[in-house]
Each structure stands twice: as C-alpha cells, then as structure tokens.
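Inside the fold
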Amino acid sequence: MVTSSAPGKVYLFGEHAVVYGEPAVPCAIERRARVTVEERDDDRIRVHAEDLSLDGFTVEYSSDSAATPDVDVSESVVEAGMRYVDAAVAQARDAADAPNAGFDVVIQSEIPLGAGLGSSAAVVTAAIDAATRELGVELSTAKVADRGYRAEHDAQNGDASRADTFCSATGGAVRVEGDDCRSIEAPDLPLVIGFDGSAGDTGELVSGVRQLREEYDFAADTVETVGDLVRSGEQALAAGDLDELGKLMNFNHGLLAALGVSSRSLDGMVWAARDANALGAKLTGAGGGGCIVALDPTDETQTALEFTPGCEDAFRAELDTEGVRVEDE
Ligand code: MEV
C-alpha cells in the first residue's frame, strides 16, 4: 500500500489561454490531495473519495462493467472525478507494463473537487505516483508530470495544457508555455481565496472557450491578449511589484469573463475583494463556479468575503514549494 500527495494551485494568470499555447503562471498552495493505492488480486478498481465539499462516495468497477456509484453527491461531479481517476490508472498500468492491474484507491483531499484549485491535477499526479510505486516502479517528477498531463488530456477530450499537472508535480510557482514548463521565483504573495461551494466541469468549460474562439474573432484576440498580460505579469512577479500584479489580475478576470467562464458568484466575490481594497482579484482555474484568488496583505478581503452572499469559505493560502511526494510506503 502506498500513499502519495500533491498540492493544489491557484492561477495568478493565464488559465484557458494556456490551452492554446499562451503562457500561464500557476502557483502551488499548501492544500493537498492524498491518494492511497493498494493492488488487488483481480482487475477491478474500487475508488473511495472524500474532500471538503463531499461527504464521500465509493465506486467499484472493472474494465467490462459500468461504474455503479454509491453516491451522495451529484452524478456529474462523480463522473468528472472518475474520468480523471480512470485516466491516471491507465497511465500507471502503462508505465508499469501491467495492463490488468486492479487497485483499491482512497482519495482524501483538502481541495474541493472542480472548484478551480487544481483538485484533478493533484489527484491525478498523486494517483500516478502512488500506483506506479505500488507496482514497483519509481517515476521521476518530470515523468509523473508528463503522465499526469496525458491523463488530463484524455479526461478532457484532448483539450488540456501541461500547466496544472506540472505545477502539482513540482510545487512552487511555475511558468508554462506549450511544452516548455519551468519553475520560477516568486515573492511572498498575500493570497486570499474565496470559494462559492460549487464546481465547474473543466472539460465542458474548456470546450466552451474553444467553440467561442472558433465562432468569434474577439475570443481568439482575447486569448492572445491574455498571453500579453501574462508576460507583463511575469515582469511584475520578478520585480516583486504587488500593486502591478494586482492590476493585471483584475484585467485577467475581465478577459476570462469575456470568454464566458465567470459566474455571478465568482463576479460577486471578485467585486467584494476589490471593494475591500484588495490589490487585485480574479477567478482561478476553469471557472463556471468555484474559487477566486485575491492579493491582500491586510485582513480586509478575507473579512469582506466571509460576509459576501454566495461565498461559503474564505481563507489564506501559502505557496507550497513541494510538489508530489510519497507519504507512506
Ligand atoms: C484548469 O485548471 C486550467 C485550464 O487552463 C485547463 C488546462 O490548462 O488544462 C482551464
């Protein structure tokens, strides 16, 4: 039995546009998904998952039978979650050359599912690390990141960037542009998160942006503009200029809203943060609901979010410099 963990993340800049080759800057945060994997003596997969927003569910299936979830959460959340677990198991089987390996998988996550804090990438990278170790194979961090990307690519119908899984695998602040992934220096960032208690379907949101981009020139231009803004953001980050970073985060939120991935509650939390004099605020991740990230060295934003209708949880997040790691072997 092996347990591995990997951190969630916030996007300072660049989600969605990164899928089309623009740069993005995600930062790992000290909230982790822990995945315990034990090999079975048949080819079945049994998954038990718990996170902040779920009381827990269990799904058991084999390659020739459909999953019959025993669930207390919406089927779409379970289905989306299972797509990622399935894809991670396929990568582990492939890496260990064990196509019929079956597993009991237990997921315990401090990151709400589908809320924009990178739960799927954290689960996928931790699951690949734990399942391959359980089969006697130790992958480098770079290989876990690469296989994690391939798993997300499969789970999101071919639309995924390397950003989420690279960040979960390596930790810290990273810069991703196409296949070029690297760690970058970041100053102390006073990050505040607001969570509306809901989840978006990353696959659906990504394909919505693709359709918009195909139909309207403005959407293709918006994606490119996000790229320009990320390049300015990198300079502000390198200079430790938090005021400029905040301004650029505000612009990035506006551009994401133009691409149709914000929501009433995300906009409400962004405006609550701005009214509380946050340096900047934006939705983070795929959008559609979930989380915003704000920059504020004072307590004002967190307090304002706590009193904002539609905000279920508000908390500070620290940068996590450690990526995927084995917890117990
Ligand atoms: C989702 O966390 C981030 C997106 O850019 C998708 C991706 O990069 O794969 C929306």
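Residues numbered from 1 in each chain as written. Predicted model: local features only at pLDDT ≥ 70, side-chain atom pairs only at ≥ 80, totals over all residues. Heavy atoms only, no water.

**Side note on the site of the ligand**
Around the ligand sit Tyr11, Glu15, His16, Val18, Val19, Gln156, Ala160, Ser161, Asp164, Val206 and Ala286, and those are all the residues in its vicinity. Within the backbone of His16, an N or O atom sits 2.9 Å from an oxygen atom of the ligand. Isolated, the ligand exposes 300 Å² of accessible area, and the fraction of that covered by the protein chains is 96%. A breakdown of the residues in the shell around the ligand according to their chemical character gives six nonpolar, three polar and two charged. (Near = heavy atom within 4 Å. Polar contact = N/O pair within 3.5 Å; in protein donor to acceptor, adjacent residues only side chain to side chain. Areas by Shrake-Rupley, 256 points an atom, 1.4 Å probe, with all protein chains shown as cover. Nonpolar A, V, L, I, M, F, W, Y, C, P; charged D, E, K, R; others polar.)

**Concerning the environment of Gly290**
Of note, Gly290 is situated in the loop between strand E9 (280-283) and strand E10 (291-295). Sequence separation between Gly290 and Gly114 is 176 residues; the distance between their C-alpha atoms is 7.1 Å. Sequence-distant contacts of Gly290, that is, excluding residues within four places in its chain, are made with Ala115, Gly194, Phe195, Asp196, Ser198, Leu266 and Met269. (Helix = DSSP H or I, 4+ residues; strand = E, 2+ residues; numbered from the N terminus. Contact = heavy atoms within 4.5 Å.)

**Here we look at helix H8 (residues 264-275)**
Because the α-helix completes a turn every 3.6 residues, residues three or four places apart line up on one side. Between the first and last C-alpha of H8 there are 16 Å, a value that for twelve residues agrees with the 16 Å anticipated at 1.5 Å per step. Listed in full, the buried residues belonging to H8 are Leu266, Met269, Val270, Ala272, Ala273 and Arg274. If you follow the buried residues of H8, they end up packed against strand E8 (191-195), helix H7 (242-258), E9, E10 and helix H9 (300-306). (Expected span 1.5 Å × (residues − 1). Buried < 20%, exposed > 50% of the residue type's maximum accessible area, 1.4 Å probe, protein only.)

**Observations concerning unusual backbone geometry**
When glycine is set aside, most residues are seen to have a negative phi, and most peptide bonds are trans. At His16, a residue that is not glycine, the phi angle is positive and equals roughly 70°. Its location among the elements puts His16 in the loop between strand E1 (2-13) and strand E2 (25-39). Positioned with a positive phi, Asp97 is a non-glycine residue whose angle comes to about 50°. Residue placement: Asp97 occurs in the loop between helix H1 (75-95) and strand E5 (103-109).

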